[in-house]
Structures are given as C-alpha cells and as structure tokens.
Amino acid sequence: MREADETTRQKLADALRAEPATPSELATQLDLTPHSVVRHAEHVSRSVEGTDEQLLVAPPTCRDCGFDDYDDLLNLPSRCPDCKSESIDEPTLTIE
C-alpha cells in the first residue's frame, strides 16, 4: 500500500509498532492534535483486538506527586486529582 493511501489510523498503528510515543509526539509526526491522536488510538485499540497484538498504555503521571492511578489511561489530564499540579507527563502508547 502506498503511503498516500494509508489512513490516519493505519499510519498511527504503524508508528506505534515502530516505537513507543506520547500523543504529542505522534501528533507532530502525523500532523494531528494530541486529542485527535487519543481518539484515533481508541479505534486502533479496537482494531488490534482479536489479533496477536495489543495497544499498551503507560498511564499519565504527575511529576510532582507521582500520581498515576487515572481511571482512563488513554487520557490527557490537565491537572493532578491529588495535588492539583498541572505538571503531568502524557501517557506513552505502543503496540506489541
């Protein structure tokens, strides 16, 4: 398949198979917004179900207190629910 014929989700899946990345890194690479990367990643997760692959997500983490127990791992929180810090590391995504 030619690169121009690949869908955004196929490009995202290929990028996640190549190496782990954050939504911001993927957004820059694919010319998207981080929030649209998250929405597409949700669909990619469903696409790989039933195969020998899976979308793995390292949760967002507060840099100040270390909180990482978010209900939705595939999320871009703006503040830590524990300490209210806005210093949050984005989740890291990969397909293995």
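Residues numbered from 1 in each chain as written. Predicted model: local features only at pLDDT ≥ 70, side-chain atom pairs only at ≥ 80, totals over all residues. Heavy atoms only, no water.

1. Side note on the environment of leucine 73
Here is step 1 of the chain: Topologically, leucine 73 is positioned in the loop between β2 (61–62) and β3 (88–89).
Here is step 2 of the chain: Among the residues examined, leucine 73 registers a relative accessible area of 35% and is labelled partly exposed.
Here is step 3 of the chain: As for leucine 73 and leucine 12, which are separated by 61 residues in sequence, their C-alpha atoms are 18 Å apart.
Here is step 4 of the chain: Those residues in contact with leucine 73, other than ones at most four positions away along the chain, are Val57, Pro59, Pro60 and Pro91. (Helix = DSSP H or I, 4+ residues; strand = E, 2+ residues; numbered from the N terminus. Buried < 20%, exposed > 50% of the residue type's maximum accessible area, 1.4 Å probe, protein only. Contact = heavy atoms within 4.5 Å.)

2. Notes on a negative patch on the surface
Here is step 1 of the chain: A surface patch of like charges, here negative, comprises Glu42, Asp68, Asp69, Asp71, Asp72 and Asp82.
Here is step 2 of the chain: Within the secondary structure, aspartate 68 sits in the loop between β2 and β3. (Patch = residues over 30% accessible without salt bridge, like charges linked within 9 Å, V, L, I, M, F, W, Y side chains within 5 Å. Areas by Shrake-Rupley, 256 points an atom, 1.4 Å probe, with all protein chains shown as cover. Salt bridge = Lys/Arg side-chain N within 4 Å of Asp/Glu carboxyl O. Lys, Arg positive; Asp, Glu negative; His and termini not counted. Charge placed at Lys NZ, Arg CZ, Asp CG, Glu CD.)

3. Regarding the pattern of salt bridges
Here is step 1 of the chain: Inspection of every chain in the model, using the stated rule, returns three salt bridges.
Here is step 2 of the chain: Between arginine 17 and glutamate 53 there is a salt bridge, with its nearest N and O atoms 2.8 Å apart. With arginine 17 in helix α1 (residues 8–18) and glutamate 53 in the loop between α3 (34–48) and β1 (55–58), this pair connects stretches of sequence that are 36 residues apart.
Here is step 3 of the chain: When its relative accessible area of 38% is taken as the criterion, arginine 17 is described as partly exposed.
Here is step 4 of the chain: Residue classification places glutamate 53 among the partly exposed residues on the basis of a relative accessible area of 23%.
Here is step 5 of the chain: For the salt bridge of aspartate 89 with arginine 63, the shortest nitrogen-to-oxygen distance reads 2.5 Å. Taken together, the residues span a long stretch of sequence, with aspartate 89 in strand β3 and arginine 63 in the loop between β2 and β3 at a distance of 26 residues.
Here is step 6 of the chain: Taken together, the shared-partner salt bridges in this structure form one network comprising Asp14, Arg17 and Glu53.

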